[in-house]
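Here is how the chains run, residue by residue.
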Amino acid sequence: MSRPAPSPAAPPFPARTVPVPFLAPDTAREHVDGAGPADGDASEAPLTWSQRYYLAEVDAARAHGRGLNVPRLYRLRPGTTEAGTVTALSELLVRYEVLRTRVVRDPAGTVRQRVHARGALHLAVHEAPAGAADDHARTVLDGLVTPPLDVTECWPLRAALVTEDGHPRYLALAFSHVAVDAYALVPVSEHLVERIAEADPVARAAAPAAAGTVARGPREQAAAEASPAGRKAAGRALRHAEEAYRRMPAAVNPAPDTRPRPSPRHRFLHRTSPALDLAAGAVAARTGESPATVLAAALVALDAAGTGPVPHVDGTGETRYGAVHLISANRLRPETAAAVLPLSQPVPCCVDTAGATFGELVRRTAAASLRAFRAGGAPPDELAALLATVARERGVRLDATPALNYRPRSTALPVRPTTAGELAAAAPRSVTRWTEADPWRASHYLSADVDASGIRLLLQVDTAVHPPEWAERRLDALERLLCAAALDAHCPALPTLG
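Computed from a prediction, not measured in an experiment: that's the story for all the values here.

Describing the packing of aromatic side chains
Then, in step 1: Within the structure shown, the criterion is met by four aromatic pairs.
Then, in step 2: Ring geometry for W440 and Y445: centres 5.1 Å apart, planes at 15°, overall stacked. Considered together, W440 and Y445 belong to a single accessibility category, that of buried residues.
Then, in step 3: Cluster of aromatic residues (ring-pair linked, three or more members): Y53, Y54, W440 and Y445.
Then, in step 4: Looking at R267, its charged tip hangs above the ring of W434, at a distance of 4.8 Å from the centre.

As structure tokens, then:
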């Protein structure tokens, strides 16, 4: 009998712990196609492509003392009890096997996932001072999410209950990215809202699952990827990636900078800008494309502006490409629409910018994005080998790190025309600040969270590659380009970089 993975220690706040036991009744599903040996308590299977991608990111973040954990804080409905919270969490663990799955590394270097049929999660219970439940809950959440989660030793989930005067007020959860991406948390939130929570704290649009469809678990997804159809899909994705890599501008080697680098090495630049919101919406209104495509086109333009012309792949002259890596989440099939497991991976999107106005570049980016998303993800090790081969054959350095993760909430950014006066009046309300956060393996990585309050940009910069001022100039150039394009339908695609 295998031993269930232990839960992590409670965060450094006074608390008691309550066990959340689970016993999955679906032991017959331990023998799905492609799964490894099962002993009644656990079953092993290969990691999925996205799990392998996120595991590499988590390992890299851990080297910097970070966890790459996904936080959620749920306000609980009045009348919720501690016992009811334990029951809701136990049902969650039984329902979604990825939350009771850990990673197994053998001495030969093979990495697999082990799904446990039984075990217990430790729920830390914190009593907040009277009238301070809100602040105390956020402090508890920080304590959960900050320390790295080693998914080889514990469940990919930490949980804490915050009470006030003995009554449950908040449920704080921290998930490992090896277990979930943002869309995977939609059905998790639906489950908790149905049972104990007031609302989803991060509402997000998701493709609805067909009625009666059983969502895939991680073992089923791994088996699907190893099947003939999965290998065919991988081949299609790799062919698309090779085409993009052969056109992608070479990464610029920054000039040596002998100044002391900031500590920590990875810095995070936040920006909110009402002018950027207006400009992105105005370009979207004019072109008929989404704000996500408009932002992707702006990044393509910045990438192309910082590089020189490249030969056509057929040798018939030169052109200028720009590239952006987009986070693609494969949620289109009924069995993956509501699956609780990561399905997102970066896919390369390469766009020809030659002779284009910015409006035309937006349309070209829309077509290129659709091709990239249709190609989807692929085995990360095969992608890395392909990139190295193409870079060696081209004799250049290629930076295949993700560059844009567009994360819309359930509310949409207003899409309408704007004026120069409106943009000028909005400009002073821009807010920029530096923070620390979990690093990705990227020289730069831009996340755009969008809801009714506007676009919130978060640009990571690796100061071993780019100084912090580079990030500030990058976001300045992005906003200048979009503001110019919002007012001039014939704005050139390639900006002048400051």
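A word on empty space enclosed by the protein
Then, in step 1: As enumerated under the stated definition, the model contains three cavities of 30 Å³ or more in all.
Then, in step 2: When its volume is computed, the largest cavity comes out at roughly 60 Å³.
Then, in step 3: Every residue lining the largest cavity is listed: L47, Q51, V98, T101, V103, Q113, V151, P156, V178 and A179.
Then, in step 4: For the lining of the largest cavity, a count of residues per class yields seven nonpolar, three polar and no charged.
Then, in step 5: What lines the second largest cavity is A237, H240, A241, P346, V347, P348, G376, G377, A378 and L383.
Then, in step 6: Broken down by class, the residue content of the lining of the second largest cavity amounts to seven nonpolar, three polar and no charged.

A closer look at the pattern of salt bridges
Then, in step 1: What the rule picks out here adds up to 29 salt bridges.
Then, in step 2: E335 is paired through a salt bridge with R216; the nearest N and O atoms lie 3.2 Å apart. Here E335, found in helix α9 (residues 334–337), pairs with R216, found in the loop between α4 (185–195) and α5 (218–226); they are 119 residues apart in sequence, far enough to count as distant.
Then, in step 3: R216 sits in the partly exposed class, given a relative accessible area of 22%.
Then, in step 4: Residues joined by salt bridges that share partners form a network here, namely E44, R112 and R114.

Re the nonpolar core
One recurring pattern in soluble globular proteins: nonpolar side chains tend to sit buried together.
Then, in step 1: Counting 53 residues, the largest nonpolar core has F358, L361, I455, L478 and L482 as its most contacted members.
Then, in step 2: A total of ten residues in this core trace back to one element, the largest contributor, which is helix α13 (residues 468–487).
Then, in step 3: Those residues in contact with L361 that lie beyond four places of it in its chain are A297, V300, A301, V351, D352, T353, A356 and A493.
Then, in step 4: Core analysis: the second largest hydrophobic core is formed by 36 residues, Y96, A159, L192 and V340 among them.

So, how was this worked out
Residues numbered from 1 in each chain as written. Predicted model: local features only at pLDDT ≥ 70, side-chain atom pairs only at ≥ 80, totals over all residues. Heavy atoms only, no water. Phe/Tyr/Trp six-rings, centres within 6.5 Å; stacked < 30°, edge-to-face > 60°. Buried < 20%, exposed > 50% of the residue type's maximum accessible area, 1.4 Å probe, protein only. Lys NZ or Arg CZ within 6 Å of the ring centre and 35° of its normal. 1 Å grid on protein atoms, 1.4 Å probe; cavity = no way out; pocket = protein on both sides within 12 Å on 5 of 7 lines; lining within 4 Å. Points joined across faces, edges and corners; volume = space filled by probe spheres on them. Nonpolar A, V, L, I, M, F, W, Y, C, P; charged D, E, K, R; others polar. Salt bridge = Lys/Arg side-chain N within 4 Å of Asp/Glu carboxyl O. Helix = DSSP H or I, 4+ residues; strand = E, 2+ residues; numbered from the N terminus. Core = buried A, V, L, I, M, F, W, Y, C linked by side-chain atoms within 4.5 Å. Contact = heavy atoms within 4.5 Å.

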